Structure formats: structure tokens, C-alpha cells
Amino acid sequence: MKQVALGRSGLMVSELCLGTMTWGTQNTEAEAFAQMDMATERGVTFWDTAEMYPTNPVSAETVGGTEAIIGNWFAARGGRERVVLATKITGKGKTVRADQPISAATLRTAVEGSLRRLQTDYIDLYQLHWPNRGSYHFRQMWRYAPRFDDPAAIRDNMAEVLRAAGDLVAEGKIRALGLSNESVWGAAEWLRLAGMENLPRMASVQNEYSLLCRQFDTDWAEFSVLEDMPLLAYSPLATGLLSGKYAGDVVPEGTRRERTPDLGGRVTAQVFPAVSAYLGLARDHGLDPCQMAIAFTRQRPFACIPIIGATTLAQLESNIGAADLTLSDEVLADIDALHRLYPAPY
């Protein structure tokens, strides 16, 4: 498995990242252990989790469960140093710290809670799950109307969080800081504030990206290249839609859609024709549709590390195989043509 630089963080990570958010709901601890074992054997040593996981759905009863499973794996298998581990602090919401935004105090509380559950002394990449000011992600772009009463307070909070992160880096509790579900303005401001006070520089951004969700392709792509901020692409299979398992608007037993019927707003009248077109493209070129979708993310003109999630070992093995696939110019041209036909199906 190829190792790539994580921006300017000094961290080297595998070119695929292992997603974990089903561990503790759709997957048992034993199944999660088997996934971690396989990932390690195949060289996928960059793993992503979050304090609010597992999902599908998120609940107060399961918060922290995925981190606890990973911590149990470290305790049982040893070798924490083999893994570059990323986790996240939850943004303002109802489930974790009710209605509390990310601040210096909540950052420290969240880091120390994650360290306990993960049974480790340090977190390699610590990410802000979403910005306090809100965002256009999670299908919110269709009604996005940015209004801010006090822009100075937004910047003051960002500087406060960076100072707290600097303290945690100095204490050896986190190695690098990252963003998630962020905008270009937000990322630029985080970098500006960090540069002013020599505080931790945001190393990466984790936003949704797939054949069906390509908001990153314009301003974000330029910013990513010029600022050396790689994309950690979550949902590169569009929550399983690109596998074809929901084709025909079906809900197979045991799947994510059984728990979240609209797949977080991704099930629309437009999505199934788009999925059908990409499945047909894969078939015409003799490709596995999941591997094609993952390989596409790896061949973008900006640094992109897809986060591969799975609920079975067979799915995980197939997804890892995408690291060996390079799409031809003909396939990429056909993808471009379909993107023009189905630019934003959800």
C-alpha cells in the first residue's frame, strides 16, 4: 500500500483510509476487529473515527462506542504505532455536548475523552467535525443562506480553539489538526489565524466527495493544491448507492438504508438514474463499480485520500483492491460526460 504525505503535517499515511462509523451499530466488536486485522495486513494503516460514532443512526446511548472498540483492539493486538489514527470533536448539536460549540474547554474535554476510549496517549490527526457557524454540507446547500451577526466573534472563537490545540500539541496529546465539513473561507481563515500566532496549521479537510457529490471540484480544488491541504473524501461510494445495492429503490435487509431510509437526504428522484448510468459505465468497461468509484477519487488533480467503509470483510477486501486500479483516459472521459448529465443528483 502506497504511503503519501498528509499535507504539511509531517505524517505519512496509507493512500486509502479505513472508515469505522458502522462499528457498534451495523457491526459487532468482533466484526470490527476482523476489519482492523484485514486493514493492517493489507497496509491500510490510516484510520478515521469520531467521538460521536457509531452512526446509522447517532444516539446518546452509542456515542463513543466506535472509539472504545478501536481502543479494545489496541489493547488486544498492541502496535499502536502501526496506525495513523484520526478522530474528531463533535460540533454543536444535540447528542454529545448538548448545544455546546467547539471551544477551548470542549476541545480539551473531547480530546481527553477520546484518549481514554482509544486507550492511547496520542491522536495523530484531530479534526473539527463541523464548524460552529454551520455549513452547506449534509445536503444543506439547497437552502444555504449565510448570515452572521458577529463575524469578529467567529474569528475570536477560531483563534481560541487554535490556542487550545497548540497546548494539546505541546503536551503530546495530538500531533496534527484537521478540518471536516468546512468551506474554503473557513479553511483560509484557519490558516491565516494560525500563521499570525504560529499556532497549529490545519493539515487536511474531510468533506464528502464521490462521483455523485463533487462540490470540491472548483474553489476547494484550487485551495487544496495551493495550500497543500489534502481532501479526506468521505462517502466515496455515496453511502453504498454507487455499489448498486439500492438500484430500483430497494432496501436490502441489514443495510444502512434499513436504518436511515433516505440515506441522509441522498435518496432523491434524480439519484437512481445517475446511479444506473455509472453502473452501466462500469459494466461497459469491465470494472467493479465500487472500485471504479474509489479509483476515481484517487485520480483527481488534487490530493485525495478516500475513506473506505464496509460492513463485511468481502466488501472491505474489494474496496482495498481499488488501490491497484488506474482508470483509463477513456473511462475518465465517460465519467466526465455523465457528470455533465447528472451534476448534483442529491
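The protein has the name Aryl-alcohol dehydrogenase-like predicted oxidoreductase in an unreviewed UniProt entry, where Gemmobacter caeni is given as its organism.

## Digging into the overall build of the protein
Along its length, the protein carries 11 helices and 10 strands. Relative to a compact globule of 346 residues, whose C-alpha radius of gyration would be 20 Å, the protein shows 19 Å and is just as compact. Projected onto the principal axes, the alpha-carbon positions of the protein cover approximately 55 × 45 × 35 Å. When burial is assessed residue by residue, the protein has 54% of its 346 residues classed as buried. Residue pairs at least 24 apart in sequence account for 77% of intrachain contacts in the protein once pairs closer than 6 positions are excluded. Of the roughly 14,300 Å² of accessible surface on the protein, a fraction of 51% belongs to carbon and sulfur atoms.

## Here we look at the side chain of Thr-66
By the secondary structure assignment, Thr-66 is in helix α2 (residues 65-77). Note on Thr-66: relative accessible area 0%, which makes it buried. Here the side chain of Thr-66 touches Trp-23 through a polar contact of 2.7 Å, landing on its backbone oxygen. Setting aside chain neighbours within four positions, we find Thr-66 in contact with Thr-20, Met-21, Trp-23, Thr-49, Tyr-53 and Pro-54.

## Details of the sheet that holds strand β5 (residues 84-89)
Judged by pairing direction, the barrel is parallel, and its 8 strands sit side by side in the order β3-β4-β5-β6-β7-β8-β9-β10 before closing back on the first. When strand polarity is set aside, the average angle formed by the axes of neighbouring strands in this sheet is 30°. Direction of pairing for strand β4 (residues 46-48) relative to β5: parallel, over a ladder of 3 bridges. When the bridges of β5 are listed, Asp-48 appears paired with Ala-86. Where helix α4 (residues 151-170) meets the sheet, its contacts fall on β6 (123-128), β7 (174-180) and β8 (202-208), and the angle it forms with β7 comes to roughly 150°.

## A word on the pattern of salt bridges
Following the criterion strictly, the structure yields 25 salt bridges and no others. Notably, a salt bridge pairs Asp-48 with Lys-88, separated by 2.8 Å at the nearest N-O pair. Placement of Asp-48 in strand β4 and of Lys-88 in strand β5 is noted, with a sequence separation of 40 residues between them. Each member of the pair, Asp-48 as well as Lys-88, is classed as buried. Between Asp-217 and Arg-300 there is a salt bridge, and its shortest N-O distance comes to 3.7 Å.

## Concerning the packing of aromatic side chains
Applying the stated criterion to the full structure yields 11 aromatic pairs. Centroid distance Trp-73 to Phe-74: 5.8 Å. Interplanar angle 70°. Geometry classified as edge-to-face. Phe-74 matches Trp-73 in its accessibility class, with the two residues each being buried. Arranged with centres 6.5 Å apart and planes meeting at 70°, the rings of Tyr-209 and Phe-216 form a pair that is edge-to-face. Taken individually, Tyr-209 and Phe-216 each receive the classification buried, so the pair is uniform in this respect.

## Structural notes on a negative patch on the surface
A contiguous patch of negative charge on the surface is contributed by Asp-149, Asp-150, Asp-156 and Glu-160. Here Glu-160 lies in helix α4. A residue is classified by how much of its surface remains accessible, and Glu-160, at 31% relative accessible area, is partly exposed.

## Let's talk about unusual backbone geometry
For the bond running from Tyr-53 to Pro-54, omega is 10°, close enough to zero to count as cis. On the secondary structure map, Pro-54 appears in the loop between β4 and α2. With an omega of -10°, the peptide bond between Asn-56 and Pro-57 qualifies as cis. Along the polypeptide, Pro-57 turns up in the loop between β4 and α2. Phi at Asn-181 takes a positive value of approximately 50°, unusual for a residue other than glycine.

## Observations concerning the environment of Thr-326
Along the chain, the position of Thr-326 falls in the loop between α10 (313-320) and α11 (329-341). The spatial distance from the C-alpha of Thr-326 to the C-alpha of Ala-295 is 6.5 Å, given a sequence separation of 31 residues.

## Considerations on α2
Over its 13 residues, α2 extends 18 Å from the first C-alpha to the last, a length consistent with the 18 Å expected when each residue adds 1.5 Å. Of the residues making up α2, those classed as buried are Thr-66, Glu-67, Ile-69, Ile-70, Gly-71, Trp-73 and Phe-74. Along its buried surface, α2 packs onto α1 (29-41), β4, β5 and α3 (104-118). Taken from the residues just after α2, Gly-78 is the one with a positive phi, measuring 70°.

## As for the confidence of the model for the protein
The pLDDT averaged across the protein works out to 97; a share of 100% of its residues lies at or above 70. Averaged pLDDT values over the elements of the protein bottom out at 93 in helix α7 (residues 256-259) and peak at 99 in strand β9 (residues 231-234).

## Regarding the nonpolar core
In terms of nonpolar packing, the biggest core is built from 91 residues, with Met-36, Leu-212 and Leu-241 touching the most fellow members. Each residue touching Leu-212, except ones within four places of it in the same chain, is listed here: Ala-238, Leu-241, Leu-242, Val-271, Ala-274, Val-275, Tyr-278, Pro-345 and Tyr-346. Formed by 14 residues, the second largest nonpolar core is a distinct cluster that contains Leu-6, Val-13, Leu-125 and Tyr-234.

Parameters at a glance
- Residues numbered from 1 in each chain as written.
- Predicted model: local features only at pLDDT ≥ 70, side-chain atom pairs only at ≥ 80, totals over all residues.
- Heavy atoms only, no water.
- Helix = DSSP H or I, 4+ residues; strand = E, 2+ residues; numbered from the N terminus.
- Rg over C-alpha atoms; globule rule 2.2 N^0.38 Å.
- Buried < 20%, exposed > 50% of the residue type's maximum accessible area, 1.4 Å probe, protein only.
- Contact = heavy atoms within 4.5 Å.
- Areas by Shrake-Rupley, 256 points an atom, 1.4 Å probe, with all protein chains shown as cover.
- Polar contact = N/O pair within 3.5 Å; in protein donor to acceptor, adjacent residues only side chain to side chain.
- Pairing = 2+ DSSP bridges.
- Axes fitted to C-alpha atoms, helices over the stretch in contact; angles between N-to-C directions.
- Salt bridge = Lys/Arg side-chain N within 4 Å of Asp/Glu carboxyl O.
- Phe/Tyr/Trp six-rings, centres within 6.5 Å; stacked < 30°, edge-to-face > 60°.
- Patch = residues over 30% accessible without salt bridge, like charges linked within 9 Å, V, L, I, M, F, W, Y side chains within 5 Å.
- Lys, Arg positive; Asp, Glu negative; His and termini not counted.
- Charge placed at Lys NZ, Arg CZ, Asp CG, Glu CD.
- Expected span 1.5 Å × (residues − 1).
- pLDDT = per-residue confidence, 0-100.
- Core = buried A, V, L, I, M, F, W, Y, C linked by side-chain atoms within 4.5 Å.

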